[in-house]
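One-letter residues, chain by chain:
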Amino acid sequence: MTEDEFDLFYAAAYPRLVGQLYALTGDYAESQDVVQEAFVRAWDRRSSVLNGDRAPEAWIRTVAHRLAMSRWRRARHWWELVRGESTPRSAPEPSPDHVALVTALRRLPEAQRTAIVLHHLCDLSVEQIAAETGAAAGTVKARLSRGRTALAAHLASEETHPTEEACV
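Not measured: the values here are computed from a predicted model.

Colleague: Any chance you could explain the overall build of the chain here in plain terms?
Modeller: Assigned secondary structure in the chain consists of nine helices and zero strands. The order of α-helices and β-strands along the chain, N terminus first, is α-α-α-α-α-α-α-α-α. When burial is assessed residue by residue, the chain has 29% of its 168 residues classed as buried. Summarising the internal contacts of the chain: among those between residues at least 6 apart in sequence, 60% fall at separations of at least 24.

In structure tokens:
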């Protein structure tokens, strides 16, 4: 990939990746930092990452996600040391809808769950999901279709028969 091609790729992918990492971290400045760092690492490895059969945006998203998680862990550990806390503080209770959705997603096979999350949360196209997962586009479409059907059935059963897990 030439420098001009990299610039075009950066201009197209950067806003998407920042938006996805912002949804993950809840911190816009942090998401910008980790995506920028991931692009720097991609540039340093451009001969292997940005050329060939690999999906460079998927590679950068993975690196940025790992950087964000690593920074979050270090910040949490530092905060615990500063405050003298050895046990983490409690988080607010999730809403019943959130619990039902997570429960329903966990019931799906991993391939269907991955396709649904990448398509609906990360706004990836079927072709992008196929490139990222190594599956054929038709397989991704089938996983999305079957996953949506199964997810709807699981959510409908949660509404009629809530489990103890969903009531927590």
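Colleague: I would appreciate a short explanation of the nonpolar core in the present structure.
Modeller: One broad rule of soluble globular proteins: the nonpolar side chains tend to lie buried together. With 18 residues, the main nonpolar core has Leu-17, Leu-21, Val-34, Val-35, Phe-39, Ile-60 and Ala-64 as its most contacted residues. Contributions of two or more residues to this core are made by α1 (3–25), α2 (28–44) and α4 (56–83). Among the elements that take part in this core, α1 stands out by supplying seven residues, more than any other. For Leu-21, the contacting residues outside a window of four places in its chain are Gly-26, Ser-31, Val-34, Val-35, Ala-64, His-65 and Ala-68. Membership of the second largest hydrophobic core comes to 15 residues, among which are Cys-122, Ile-129, Leu-144 and Leu-151.

Colleague: Honestly, the packing of aromatic side chains in this entry has me stumped. Any pointers?
Modeller: For any two aromatic rings, the description comes down to two numbers: the centre-to-centre distance and the angle of the planes. This structure, assessed with the given rule, holds eight aromatic pairs. Look at Tyr-10 and Phe-39: their rings are 4.7 Å apart centre to centre, the planes differ by 70°, and that puts the pair in the edge-to-face class. Of this pair, Tyr-10 sits in helix α1 while Phe-39 is found in helix α2, placing the two residues 29 residues apart along the sequence. Classification of Tyr-10 by relative accessible area gives partly exposed; the value is 26%. By relative accessible area, which is 2% here, Phe-39 ends up buried. Aromatic ring contacts, followed pair by pair, group Phe-6, Phe-9, Tyr-10, Tyr-14, Phe-39 and Trp-43 into a single cluster.

Analysis parameters
- Residues numbered from 1 in each chain as written.
- Predicted model: local features only at pLDDT ≥ 70, side-chain atom pairs only at ≥ 80, totals over all residues.
- Heavy atoms only, no water.
- Helix = DSSP H or I, 4+ residues; strand = E, 2+ residues; numbered from the N terminus.
- Buried < 20%, exposed > 50% of the residue type's maximum accessible area, 1.4 Å probe, protein only.
- Contact = heavy atoms within 4.5 Å.
- Core = buried A, V, L, I, M, F, W, Y, C linked by side-chain atoms within 4.5 Å.
- Phe/Tyr/Trp six-rings, centres within 6.5 Å; stacked < 30°, edge-to-face > 60°.

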